[in-house]
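# Close look at the chain arrangement
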Amino acid sequence: MIRFNDVNKWFGANHVLKDINLHIQPGEAVVICGPSGSGKSTLIRCINQLEPIQKGEIFVDNIQVNKRATNLTRLRSQIGFVFQQFNLYPHLSVLENVVLSPIKVKKIARREAEENARELLERVGIPDKADDYPSQLSGGQCQRVAIARGLAMNPKVMLFDEPTSALDPEMIKEVLDVMVELAVEGMTMIVVTHEMGFAREVAHRVFFMDEGQIVESNAPDAFFDHPAHERTKAFLSKIITHN
Amino acid sequence: MLSHFNFRVILQYLPLFLKGLWATSWISAISIFFALLLGVLACSMRLSSTGFLKKTAGVYIESMRATPLLAQLYFFYFGLPTLHINLNEIQTGILALSLNSGAYIAEIVRAGIVSIPDGQTEAGTAYGLTYLQRMRYIILPQALGVTIPALLGQFIVLVKDSSLVSLISVLELTRAGQLMASERFMPTEGFFTVAAFYLVIYFVLKYLSTLWQNRLIYREP
């Protein structure tokens with residue numbers, strides 16, 4: 001579903017992704033963790049070309065992303081993206097936030113789009129907030145709207161960029177519950193997160209990134225119980241002792 | 001002071017003032033319309049990554065902001081006919097007012113656009129919207145929302161600046177005051193009435209901008 005072949009990216013002189021190779025199967029849920037500045041957010045932002053890459057190839061569903069001829073609008077409409085800071089449109093109601101792209105990009109009729117949006121809001125547990133504005137919602141509710149906005153495009157892949165990092169602790173669970181449900185239903189997802197409970201529960205694989213490289217990847221139990229690399233051990237010992 | 005006012009003469013000149021008020025209103029309205037169009041266009045050119053567009057918009061904005069409106073007005077009034085472009089006085093006035101105000105509006109809108117967080121553009125991009133769609137549905141509604149007070153200020157400046165077209169003999173509000181002042185030698189009454197009518201326009205504009213703002217700006221809980 002998603003394939004990286006020797007992907008390299010620089011921000012100026014800063015080499016942020018180094019020879020990344022990975023292959024993610026349809027229906028797979030992958031968690032990427034690692035210290036800040038390790039390139040994990042950049043990695044998933046390259047998948048929908050929010051960030052261009054300088055070397056290598058990225059394929060989504062066998063379509064090469066980093067090619068001039070690729071229809072990026074079409075590609076992006078198949079990839080849901082959830083931001084750390086939600087990035088909801090503050091001037092639009094919750095419902096309008098969800099239906100904007102289906103109507104304008106996928107050219108779906110408004111009635112159908114709204115019906116679909118209400119179903120999705122129901123699914124993320126906030127059907128009664130459709131006519132509210134983002135400023136009236138809590139962080140957890142905002143993030144669930146953002147997930148509904150992603151799902152409204154009926155994507156093949158959902159990407160999550162630290163979806164719970166900007167949330168108050170008591171709101172993290174409500175967002176994770178929605179994500180767990182998605183993973184169980186078989187959505188292909190890549191999640192950048194430090195929620196290790198989530199990783200253990202639903203991830204098929206966990207990647208550890210450091211200094212622009214994927215240092216280690218393994219099934220969650222093996223990853224957490226028997227990390228192979230010193231760097232992984234050091235990282236895990238730091239975050240786990242504080243849990 | 002009011003007790004010395006000759007209201008009878010003001011009343012006598014009222015039809016002229018109303019004619020002037022009407023002219024000022026529609027000249028300003030048309031100029032505001034074109035200035036907004038020009039402003040948004042110049043602003044998007046200035047923000048574009050194409051060097052040529054960026055520079056063209058820069059030259060336009062700087063030259064308009066750096067020179068007096070009166071000089072621009074005379075420049076178009078006397079200059080265009082030598083290029084065999086014949087506009088009447090009113091058209092010349094609208095042209096100068098729109099071009100001048102458009103440059104200021106471009107900068108106001110630009111400030112509004114750059115104040116919108118990058119995340120908004122990223123969200124729009126990630127969800128497949130094209131540049132124009134992002135502008136139309138995400139960025140401009142928010143940018144215009146926060147710039148409405150500044151835009152209102154610019155519109156009011158334009159209405160007051162429209163008094164300058166009286167100097168190329170367009171009969172508008174200020175011209176009506178000048179006529180009364182010179183025919184009856186009553187400058188106080190004449191220009192006081194003119195000022196009062198400008199105040200009326202101001203309140204109408206302010207009311208309209210509040211309506212507009214309520215439609216566009218962030219909705220607070």
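The sections below set out a description of the structure shown in this document.

For chain B, the count of helices and strands is eight helices and zero strands. Along its sequence from the N terminus, chain B presents helices and strands in the succession α-α-α-α-α-α-α-α. A principal-axis box enclosing the C-alpha atoms of chain B has dimensions of 70 × 55 × 20 Å. By residue count, 46% of the 221 residues in chain B fall in the buried class. Within chain B, contacts between residues at least 6 apart in sequence are counted, and of these 73% link residues at least 24 apart. Of the accessible surface of chain B, which amounts to about 11500 Å², a share of 69% is contributed by carbon and sulfur atoms. Averaging the positions of the 15 positive and the 10 negative side-chain charges in chain B gives two centres separated by 3 Å.

Next up on the list: the nonpolar core. Membership of the largest hydrophobic core comes to 91 residues, with the highest contact counts inside it found for I2, F4, I32, L43, I44 and I47 of chain A. Examining the composition of this core, we find that 12 residues originate from one element, helix α6 (residues 131-161) of chain B, more than from any other. Leave out the neighbours within four places in its chain, and I2 of chain A touches L22, H23, I24, I47, F59, V60, V157 and I190 of chain A. By size, the runner-up hydrophobic cluster in this structure holds 52 residues, among which are V82, A117, A148 and L236 of chain A.

Let us now look at the packing of helix α3 (residues 69-82) of chain B against helix α4 (residues 89-114) of chain B. Axes are the key here: two packed helices are described by the angle between their axes and the distance separating the axes. Residues and elements named next belong to chain B. Taken N-terminus to C-terminus, the directions of α3 and α4 make an angle of 135 degrees; their axes are 9 Å apart at the nearest point. Judged by the angle between their axes, α3 and α4 are oblique. As α3 packs across α4, the resulting crossing turns out to be right-handed. Across the interface between the two elements, L69, Q72, L73, F76, Y77 and L80 of α3 pack against E89, T92, G93, L95, A96, L97, L99 and N100 of α4. In terms of residue class, the contact of α3 with α4 is made up of nine nonpolar, four polar and one charged.

Let us now look at the side chain of E28 of chain A. With respect to the helices and strands, E28 of chain A occurs in the loop between β2 (14-24) and β3 (29-33). With residues near it in sequence (within four places) discarded, E28 of chain A still touches H23, M187, T188, M189, H204 and R205 of chain A.

What follows deals with the interface of chain A and chain B. How large an interface is tends to be reported as the accessible area lost when its parts come together. Chain A puts 26 residues into the contact, and the matching count from chain B is 21 residues. Taken together, the connections running from chain A to chain B amount to one salt bridge. The salt bridge partner of E122 of chain B is R45 of chain A, with a shortest N-O separation of 2.7 Å. The tally of links between chain A and chain B comes to nine residue pairs in polar contact (both at pLDDT 80 or more). Secondary structure elements with two or more residues in the side of chain A that touches chain B: α2 (72-76), β6 (79-82), α3 (94-104) and α5 (139-151) of chain A. Residue composition of the side of chain A that touches chain B, grouped by class: 12 nonpolar, nine polar and five charged.

On the surface, E112, E115, E119 and E122 of chain A cluster together into a negatively charged patch. Looking at where E119 of chain A falls in the secondary structure, it is placed in helix α4 (residues 110-123).

This part takes up helix α2 (residues 51-66) of chain B. All names here are of chain B. Under the 1.5 Å per step criterion, the end-to-end length of α2 is 22 Å for 16 residues, consistent within 8% with the ideal 22 Å. For α2, the full list of buried residues reads A57, G58, Y60, I61 and M64. Seen end-on, α2 carries its buried residues on one side only, within an arc spanning 170 degrees. Residues of α2 that are exposed and point more than 90 degrees away from the buried face comprise F52, K55, V59 and A66. At its buried positions, α2 is contacted by α1 (7-47), α3 and α4.

Residue and element names in this part refer to chain A. For R144, the location among the structural elements is in helix α5. Here V124 takes part through its backbone oxygen, which lies 2.9 Å from a polar atom of the side chain of R144. When near neighbours in sequence (up to four residues on either side) are disregarded, R144 contacts V124, G125, I126, E174, V175 and V178.

Attention shifts here to the packing of aromatic side chains. Counted under the stated rule, the structure contains nine aromatic pairs over all chains. Taken together, a centroid distance of 5.7 Å and an interplanar angle of 70 degrees make the contact between F75 of chain B and F76 of chain B edge-to-face. On the basis of relative accessible area, F75 of chain B is assigned to the exposed category, the value being 58%. In this structure F76 of chain B comes out as buried when scored by relative accessible area, which is 11%. Cluster of aromatic residues (ring-pair linked, three or more members): Y74, Y77 and F78 of chain B. Above the plane of the ring of Y89 of chain A lies R149 of chain A, whose end atom (NZ or CZ) is 4.8 Å from the centre.

This paragraph deals with the pairing of strand β7 (residues 157-161) of chain A. Residues and elements named next belong to chain A. Within β7, five of the five residues are buried, which leaves the element mostly enclosed by the surrounding structure. Covered by surrounding structure in β7 are V157, L159 and D161 together with M158 and F160, the residues of both alternating faces. Relative to β7, β6 runs parallel, the two sharing four bridges. Counterpart to V82 in the pairing with β7 is F160. Relative to strand β8 (residues 188-192), β7 runs parallel, the two sharing five bridges. When the sheet's bridge partners are listed, L159 is paired in β8 with I190. Of the crossover connections in this fold, the one passing from β7 over helix α6 (residues 169-184) to the parallel β8 is right-handed.

The end-to-end C-alpha separation of α4 of chain B is 38 Å, in line with the 38 Å expected for 26 residues at 1.5 Å each. For α4 of chain B, the N-terminal capping position is held by N88 of chain B, with its side-chain oxygen 3.1 Å away from the main-chain nitrogen of I90 of chain B.

Quick notes on the rules
- Residues numbered from 1 in each chain as written.
- Chains lettered and ligands numbered in written order.
- Predicted model: local features only at pLDDT ≥ 70, side-chain atom pairs only at ≥ 80, totals over all residues.
- Heavy atoms only, no water.
- Helix = DSSP H or I, 4+ residues; strand = E, 2+ residues; numbered from the N terminus.
- Buried < 20%, exposed > 50% of the residue type's maximum accessible area, 1.4 Å probe, protein only.
- Contact = heavy atoms within 4.5 Å.
- Areas by Shrake-Rupley, 256 points an atom, 1.4 Å probe, with all protein chains shown as cover.
- Lys, Arg positive; Asp, Glu negative; His and termini not counted.
- Charge placed at Lys NZ, Arg CZ, Asp CG, Glu CD.
- Core = buried A, V, L, I, M, F, W, Y, C linked by side-chain atoms within 4.5 Å.
- Axes fitted to C-alpha atoms, helices over the stretch in contact; angles between N-to-C directions.
- Parallel < 35°, antiparallel > 145°, perpendicular 65-115°, else oblique.
- Left-handed = near helix turned anticlockwise from the far one by under 90°.
- Nonpolar A, V, L, I, M, F, W, Y, C, P; charged D, E, K, R; others polar.
- Salt bridge = Lys/Arg side-chain N within 4 Å of Asp/Glu carboxyl O.
- Polar contact = N/O pair within 3.5 Å; in protein donor to acceptor, adjacent residues only side chain to side chain.
- Patch = residues over 30% accessible without salt bridge, like charges linked within 9 Å, V, L, I, M, F, W, Y side chains within 5 Å.
- Expected span 1.5 Å × (residues − 1).
- Arc of directions from axis to C-beta.
- Phe/Tyr/Trp six-rings, centres within 6.5 Å; stacked < 30°, edge-to-face > 60°.
- Lys NZ or Arg CZ within 6 Å of the ring centre and 35° of its normal.
- Pairing = 2+ DSSP bridges.
- Right-handed = clockwise from strand over helix to strand, strands pointing away.

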